[in-house]
Amino acid sequence: MLARGDARGVFMKVYEQVIHRTEQMLQQNYFEDPAWVRKIGLTYANYFRRAFLSYNTYQSSGYWTETLVSPWWLAFSENRIGDLAVPVQFILSTNAHIQNDLPHALIDSGADFSERCHRDYQRIGEIFRGSFEQSWQVVYRLDQRNRSGIERTLGSWMAENWIAIFRETAWKNAVKLSKQQTSAAQIEQQAYKAALGY
């Protein structure tokens, strides 16, 4: 994909680096709950995989699936058309994956939203930031416009900090969503007991 100038390939390259580095850190006992770290990694990656496959299915058959949510539609469409600068396309994909997918992946992975869980979540973020600079250089190599070193450095710094903010927002949204689901389940359980006369 990178050879074709498809920015989705950059996003996949970042994923590859983060997964590889996370596995290295798991081997070094870097995380407090390694089982959950492995589970969130797989769960989160599957959200991207489903969106990617859904978009490709839509392109080939016109069949729209519910896994192709609006943020991913926008990101994939811009990647295909290629009118936007590659760094912007990359940010669109990153935004869709963090803002839309991450809160649901946290819940689906069984995150208990404890302080320990949050520390591991932050450690994963540190791995991402550690891989970001190298990945950002790939983004700029695909960009057709010549940019100054200052422009590249500023773009990298802004993107990295935006992503850190996106991740923390995703955590807070997941906490809210989890509480909403718990409340809904409790209400349903109470209604069920009332119907049975308990």
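Conventions we followed
Residues numbered from 1 in each chain as written. Predicted model: local features only at pLDDT ≥ 70, side-chain atom pairs only at ≥ 80, totals over all residues. Heavy atoms only, no water. Helix = DSSP H or I, 4+ residues; strand = E, 2+ residues; numbered from the N terminus. Buried < 20%, exposed > 50% of the residue type's maximum accessible area, 1.4 Å probe, protein only. Contact = heavy atoms within 4.5 Å. Areas by Shrake-Rupley, 256 points an atom, 1.4 Å probe, with all protein chains shown as cover. Core = buried A, V, L, I, M, F, W, Y, C linked by side-chain atoms within 4.5 Å. Phe/Tyr/Trp six-rings, centres within 6.5 Å; stacked < 30°, edge-to-face > 60°. Lys NZ or Arg CZ within 6 Å of the ring centre and 35° of its normal. Salt bridge = Lys/Arg side-chain N within 4 Å of Asp/Glu carboxyl O. Expected span 1.5 Å × (residues − 1). pLDDT = per-residue confidence, 0-100. Polar contact = N/O pair within 3.5 Å; in protein donor to acceptor, adjacent residues only side chain to side chain.

In terms of regular secondary structure, the protein chain is built from six helices and zero strands. Listing the helices and strands of the protein chain from first to last along the sequence gives α-α-α-α-α-α. Burial statistics for the protein chain: of 198 residues in total, 41% are counted as buried. For the protein chain, the proportion of contacts with a sequence separation of at least 24, taken over those separated by at least 6, is 72%. On the protein chain, roughly 11400 Å² of surface is accessible, and the fraction owed to carbon and sulfur atoms is 54%.

To continue, consider the nonpolar core. Residues W36, W72 and L106 are the most contacted members of the largest nonpolar core, which totals 42 residues. Sorting the residues of this core by element identifies helix 1 (7–27), helix 2 (34–61), helix 3 (70–81), helix 4 (86–108), helix 5 (115–142) and helix 6 (149–196) as the ones contributing at least two each. Ignoring sequence-local partners within four residues, the contact set of W36 consists of L106, S109, G110, A111, C117, D120, Y121 and I124.

Our next topic: the packing of aromatic side chains. Tallied over the full model, the rule gives ten aromatic pairs. With 4.9 Å between their ring centres and 40° between their planes, Y121 and W171 make a pair best called tilted. Taken together, the residues span a long stretch of sequence, with Y121 in helix 5 and W171 in helix 6 at a distance of 50 residues. Accessibility assignment for this pair places Y121 and W171 in one class, buried. Chaining the aromatic ring pairs together yields one cluster made of F48, F52, Y55, W72, W73 and F76. The ring of Y47 carries the charged tip of R50 above its face, separated from the ring centre by 4.6 Å. Directly above the ring of Y30 sits R123, whose terminal nitrogen or CZ lies 6.0 Å from the centroid.

To continue, consider the pattern of salt bridges. For the structure on display, the rule yields five salt bridges. Two residues, E23 and R38, come together in a salt bridge whose shortest N-O distance is 3.5 Å. You can see E23 sitting in helix 1 and its partner R38 sitting in helix 2, a full 15 residues away along the chain. For the salt bridge of R123 with D120, the shortest nitrogen-to-oxygen distance reads 2.8 Å. You can see R123 and its partner D120 sitting in helix 5, three residues apart, about one turn around the helix. With a relative accessible area of 0%, D120 lands in the buried category.

Here we come to helix 2. With 28 residues, helix 2 extends 40 Å between its outermost C-alpha atoms, agreeing within 8% with the 40 Å of an ideal straight helix rising 1.5 Å per residue. Listed as buried for helix 2 are W36, V37, I40, T43, Y44, Y47, F48, A51, F52, S54 and Y55.

So, on to the environment of Q17. Tracing the backbone shows Q17 in helix 1. Q17 sits 115 residues away from F132 along the chain, and the two C-alpha atoms are 9.1 Å apart.

The next thing to look at is the confidence of the model for the protein chain. Of all residues in the protein chain, 66% attain a pLDDT of 70 or more, and the chain-wide mean is 78. Per-residue pLDDT, averaged within each element of the protein chain, yields its smallest value for helix 6 (69) and its largest for helix 2 (88).

Along the chain, the position of S109 falls in the loop between helix 4 and helix 5. Look at S109 and you get buried, because its relative accessible area is 3%. Of note is the side chain of S109, whose polar atom sits 2.8 Å from the backbone oxygen of L106. Once you skip the residues sitting within four places of it in the chain, S109 turns out to touch W36, K39, I40 and T43.

Topologically, T94 is positioned in helix 4. Note on T94: relative accessible area 3%, which makes it buried.

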